[in-house]
Amino acid sequence: MSSSHVLVLNCGSSSLKFAIIDSNSAIEHLSGLAERLGEASPQIKYKFNGKKHTVALANGDAHEVAINQLVELVKSLKLDQQLVAVGHRVVHGGEHFTHSALITDTVLEAIKQTATLAPLHNPANLLGITAASDAFSTLPQVAVFDTAFHQTMEPQAFLYALPYELYKKHSIRRYGFHGTSHYYVSAQAIDLLGLKDKPSKIVTAHLGNGCSICAVKDGKSVDTSMGLTPLEGLVMGTRSGDIDPGLFAYLVNQLNYTASQIDTLLNKESGLLGISELSNDCRTIEESAAEGHTQAQLALDIFCFRLAKQIASFAVPLGGIDALVFTGGIGENSDVIRAKVVNQLSFLGFKLNNESNLAARFGNEGVITDQDSTPLALVVPTNEELVIAQDAAKLAEEL
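Since this is a predicted model, take the numbers as computed values, not measurements.

> An account of the pairing of strand S8 (residues 141-145) is requested, with residue identities and associated values reported.
Taken across its five residues, S8 has five buried, putting it largely inside the fold. Side-chain alternation along S8 places Gln 141, Ala 143 and Phe 145 on one buried face and Val 142 and Val 144 on a second face that is also buried. Alignment of strand S6 (residues 83-90) against S8, held across five bridges, turns out to be parallel. Considered in S8, the bridge of Arg 89 is made with Val 144. Here strand S7 (residues 101-102) pairs with S8 via two bridges, running antiparallel. In the sheet register, Ala 101 faces S8, and the bridge partner there is Ala 143.

> Residues and numbers for the sheet that holds S6, please.
Taken in spatial order, the eight strands line up as S5-S4-S3-S2-S1-S6-S8-S7 in an open sheet, and their pairing is mixed. In this open sheet, the two edge strands, each paired with only one partner strand, are strand S5 (51-56) and S7. Relative to strand S3 (residues 28-35), strand S2 (residues 16-22) runs antiparallel, the two sharing six bridges. Across the sheet, Leu 16 pairs through a bridge with Ala 34, a residue of S3.

> An account of the sheet that holds strand S12 (residues 323-327) is requested, with residue identities and associated values reported.
Ordered by their spatial adjacency, six strands build an open sheet running S11-S10-S9-S12-S14-S13, and the pairing between neighbours is mixed. This sheet does not close on itself; its edge strands, each paired only once, are strand S11 (220-224) and strand S13 (366-367). Pairing of S12 with strand S14 (residues 376-379), which is carried by four bridges, proceeds in the parallel orientation. The residue bridging Phe 326 from the neighbouring strand is Val 379, located in S14. Against the sheet, helix H11 (residues 294-313) contacts strand S9 (201-207), strand S10 (211-217) and S12, and its axis sits at roughly 15° relative to S10.

> Quick rundown of helix H3 (residues 122-135)? Include the residues and the values.
Spanning 14 residues, H3 covers 20 Å between terminal C-alpha atoms, matching the ideal 20 Å at 1.5 Å per step. Looking at the packing, one finds that the buried side of H3 touches strand S1 (5-11), helix H1 (63-76), S6, helix H2 (105-114) and S8.

> Any chance you could break down helix H8 (residues 259-268) for me, citing the residues and the numbers?
Each full turn of the α-helix corresponds to 3.6 residues, which orients residues three or four apart in the same direction. Every buried residue of H8 is accounted for by Ile 262, Leu 265, Leu 266 and Asn 267. Buried residues along H8 sit in contact with helix H7 (246-255).

> How would you sum up the nonpolar core? Please name residues and give values.
The biggest cluster of nonpolar side chains holds 41 residues, and the ones touching the most others in it are Phe 303, Ile 311, Leu 324, Phe 326 and Val 341. Of all elements in the fold, only S9, S10, helix H10 (282-290), H11, S12, helix H14 (335-344) and S14 reach the threshold of two or more residues within this core. The element that contributes the greatest number of residues to this core is H11, accounting for eight residues. Not counting the four nearest positions on each side in its chain, Leu 324 is found in contact with Val 203, Ala 205, Ile 311, Leu 345, Phe 350, Leu 376, Ala 377 and Leu 378.

> With reference to specific residues and values, describe the pairing of S3.
Remark: five residues form the turn of the hairpin made by S2 and S3, two consecutive strands paired antiparallel; Ala 26 in that turn has positive phi of roughly 70°. Relative to strand S4 (residues 43-48), S3 runs antiparallel, the two being bridged by six bridges. Pairing of Ala 34 across the sheet is with Ile 44, part of S4.

> Which residues make up unusual backbone geometry, and what values go with them?
A cis amide bond, omega 10°, links Thr 374 with the succeeding residue Pro 375. Examined against the element boundaries, Pro 375 turns out to sit in the loop between S13 and S14. Phi angles above zero are rare outside glycine, and Lys 78 is one such case at about 60°. Tracing the sequence through the fold places Lys 78 in the loop between H1 and S6. Classification of Lys 78 as exposed rests on a relative accessible area of 66%. At Ser 171, a residue that is not glycine, the phi angle is positive and equals roughly 60°. If you trace the backbone, Ser 171 turns up in the loop between helix H5 (164-170) and helix H6 (179-192).

Conventions we followed
Residues numbered from 1 in each chain as written. Predicted model: local features only at pLDDT ≥ 70, side-chain atom pairs only at ≥ 80, totals over all residues. Heavy atoms only, no water. Buried < 20%, exposed > 50% of the residue type's maximum accessible area, 1.4 Å probe, protein only. Helix = DSSP H or I, 4+ residues; strand = E, 2+ residues; numbered from the N terminus. Pairing = 2+ DSSP bridges. Contact = heavy atoms within 4.5 Å. Axes fitted to C-alpha atoms, helices over the stretch in contact; angles between N-to-C directions. Expected span 1.5 Å × (residues − 1). Core = buried A, V, L, I, M, F, W, Y, C linked by side-chain atoms within 4.5 Å.

As structure tokens, then:
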């Protein structure tokens, strides 16, 4: 069998997450993170053959240097000759992309145009694409978009009740994110529950520092909680989620906030961090709540209440719910949050199994409700990197 190894890159503003994955077997041969790029003490941490290593970079070294260092690393580990493509996570594809795409000049231009919708993410993604295209010039480069899975939403789900001209002229609408994760875990759930080639109504909950849920009907996204940006929807680690838009005018007119200060407030100072005044890390919040910290408990209560309420509302676009799938760092590991949410949804027929819920942590998947529970709730670890690798390998093969 010919090689099916793909280098997967997820480029942030000051970081570069990477992995080399066999798109057929799902085996991860190399994984790592270049962090603090462009800042003091940048470094590359990677794992190979079960061993962890760290490589220091010079102060101020940024993405191009990190990728060049990655090239040398891949060559030294003799992994370069097996690569068939480079797959890039791109956060925002706008309405241009309903599927992953081979990167051409036209595709690059479309990603640049969409950068105004994701100013924190797309420019960084473009840096990674440019550097990788230079470093791996003989390999096909493939863009896999966080928004693509949600392009099956109908206008009633994706349009805001704003003057229609804003959509026509400026593409202001709901796009949704975490699409690669929602696609993967919903497909896995369909297989696990024996619903392949059958009607299915699934709510997927991707819960990490960023959180979103998705209504997946017969394998397609019909609604999701994030919107024009990843700020809309659920309470998150540092993001507020849904708020009254009138808050903007109040903050400006009464408290003299600037637009930049409001953006920082809602994206970086709110959510679990803002309510608890302790941390955005769910583990810290849970530990503090267990010790009697009032605001930590309040943060958990608000997080779970808003999540359960949003999940219940997705019975409308789905016409009912067959299963609820938890994934992401919190979704896969926090039995506490899962229990609170599932118990709040008991009126829909969910019956939590405490033993199963406790067992489904730290990489373990499984159903966490009783056998007679209708609907079911389950945990499915996500694997966005594998989806990127598989899409990249498939498009490379078609060349």
